[in-house]
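Here is how the chains run, residue by residue.
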Amino acid sequence: MRQERRKQLTRERILNAARAVFAEKGYAATSIADIVKKSRIARGTFYLHFQTVEQVFQELLREVFLEIQRELTALPVETLDQVHFRQALKDLAHSLLAVFQKNRPTVSLLLVTLSGDPAIRVQTIWFQELLVASIRAMLERGISSRRLRQHDAELMSYLIAGGLREVLTQWLIYGRYEKNLEAKVDEMVNIYMNGVELLDNQ
């Protein structure tokens, strides 16, 4: 048991070191030697846990995606006909923001890397589709309960997901909205929902 704990602590040490190096140098410029130096472990110890820098990055992404998946799969879609849909979407966005804020360096790196690394982009497709599917389920529930107007729920779900990603990009990459991030997300949701929410629900 003690050996397993020591192994886990070493793995966390490598991942923490990698986060710091990635934030400083970027994914493409980071080497195993950089991570080994930052974590202050032997190179052989590194290879007991990972074989490449890509594997380390993938593990960091996996941790973030697991948190996001837990948030999305916990959505009470079956009871949304009793919930104000505008607020439900805001609550979803705020839950995701909390995960992104907790993992800010990794998410920032992900957004930068997505534009230049097709392999990483492919790995994120399932997350994007899960987010879109979650939003779509909420919208379709709203349509069926007559709380939302008839509209193309799939198209709207892609628009909302894309809007959320753009707000995140502006915040993480360009440093905008630091003081009013949640307000900007709420404003984005309001813009979309103004087009589909029935007046008596507003």
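Reading guide: rules and limits
Residues numbered from 1 in each chain as written. Predicted model: local features only at pLDDT ≥ 70, side-chain atom pairs only at ≥ 80, totals over all residues. Heavy atoms only, no water. 1 Å grid on protein atoms, 1.4 Å probe; cavity = no way out; pocket = protein on both sides within 12 Å on 5 of 7 lines; lining within 4 Å. Points joined across faces, edges and corners; volume = space filled by probe spheres on them. Helix = DSSP H or I, 4+ residues; strand = E, 2+ residues; numbered from the N terminus. Nonpolar A, V, L, I, M, F, W, Y, C, P; charged D, E, K, R; others polar. Axes fitted to C-alpha atoms, helices over the stretch in contact; angles between N-to-C directions. Parallel < 35°, antiparallel > 145°, perpendicular 65-115°, else oblique. Left-handed = near helix turned anticlockwise from the far one by under 90°. Contact = heavy atoms within 4.5 Å. Expected span 1.5 Å × (residues − 1). Buried < 20%, exposed > 50% of the residue type's maximum accessible area, 1.4 Å probe, protein only. Arc of directions from axis to C-beta. pLDDT = per-residue confidence, 0-100. Salt bridge = Lys/Arg side-chain N within 4 Å of Asp/Glu carboxyl O. Phe/Tyr/Trp six-rings, centres within 6.5 Å; stacked < 30°, edge-to-face > 60°.

The next thing to look at is the layout of surface pockets. Estimated volume of the largest pocket: approximately 320 Å³. Among the elements of the structure, α4 (53-73), α6 (104-114), α8 (125-144) and α9 (153-172) are those that each provide at least two residues to the lining of the largest pocket. Grouping the constituent residues of the lining of the largest pocket by class yields 14 nonpolar, three polar and two charged.

Turning next to empty space enclosed by the protein. Counting across every chain of the model gives two cavities of 30 Å³ or more. Here the largest cavity is characterised by a volume of approximately 60 Å³. As for the largest cavity, its lining consists of L89, L92, A93, L131, I135, I160, A161, L164, M188 and V189. Of the residues assigned to the lining of the largest cavity, the class counts are ten nonpolar, no polar and no charged. If you add up the space inside the second largest cavity, you get close to 30 Å³. For the lining of the second largest cavity, the secondary-structure elements that each account for two or more residues are α1 (2-25) and α6. For the lining of the second largest cavity, the per-class residue count stands at five nonpolar, one polar and one charged.

Attention now moves to the packing of helix α5 (residues 85-102) against α8. The description of two helices packed together rests on the angle between their axes and the distance between the axes. Interhelical geometry of α5 versus α8 gives an angle of 160 degrees and a closest axis separation of 10 Å. The angle between the axes of α5 and α8 places the two elements in the roughly antiparallel class. The hand of the α5/α8 crossing is right-handed. For the pair α5 and α8, the contacting residues are F85, A88, L89, L92, L96 and F100 in the first and F127, L131, I135, M138, L139, R141 and G142 in the second. Tallied by class, residues from the contact of α5 with α8 come to eleven nonpolar, one polar and one charged.

To continue, consider helix α10 (residues 181-193). Spacing of three or four residues puts side chains on the same side of an α-helix, whose turn is 3.6 residues. For α10, spanning 13 residues, the distance from its first C-alpha to its last is 18 Å, which sits close to the expected 18 Å at 1.5 Å a residue. Turning to α10, its buried residues number three or more, namely L181, V185, D186, M188, V189 and M193. Looking straight down α10, one finds its buried side chains confined to an arc of 160 degrees; they lie on one side. Those residues of α10 that are buried are in contact with α5 and α9.

The next thing to look at is unusual backbone geometry. The backbone phi angle of R146 is positive, close to 65 degrees, even though this residue is not glycine. For R146, a relative accessible area of 71% gives the class exposed. The residue Y177 is not glycine, and still its phi comes out positive at about 65 degrees.

A few words now on the confidence of the model for the protein. Per-residue confidence for the protein gives a mean pLDDT of 84; residues scoring 70 or more make up 90%. When pLDDT is averaged over each element of the protein, helix α2 (residues 32-39) comes out on top at 94 and helix α7 (residues 118-123) at the bottom at 70.

For the structure shown, the criterion picks out ten salt bridges. Residues E140 and R136 are paired through a salt bridge, measuring 2.8 Å at the closest nitrogen-oxygen approach. Of this pair, E140 and R136 are both found in helix α8, four residues apart, which corresponds to roughly one turn of the helix. The class for E140 is partly exposed, based on a relative accessible area of 37%. Assessed through its relative accessible area of 31%, R136 is described here as partly exposed. Here the residues in one salt-bridge network are R11, E59 and R62, joined through shared partners.

Turning our attention to the packing of aromatic side chains. Enumeration over the complete set of coordinates arrives at five aromatic pairs. Here F22 and F57 contribute two aromatic rings whose centre-to-centre distance is 5.6 Å and whose plane-to-plane angle is 65 degrees, an arrangement assigned as edge-to-face. One end of the pair, F22, is in helix α1; the other, F57, is in helix α4, and 35 residues separate them in sequence. Assigned by exposure class, F22 and F57 land together as buried. Judged by centre distance (6.1 Å) and plane angle (45 degrees), the ring pair of F46 and F50 falls under tilted.

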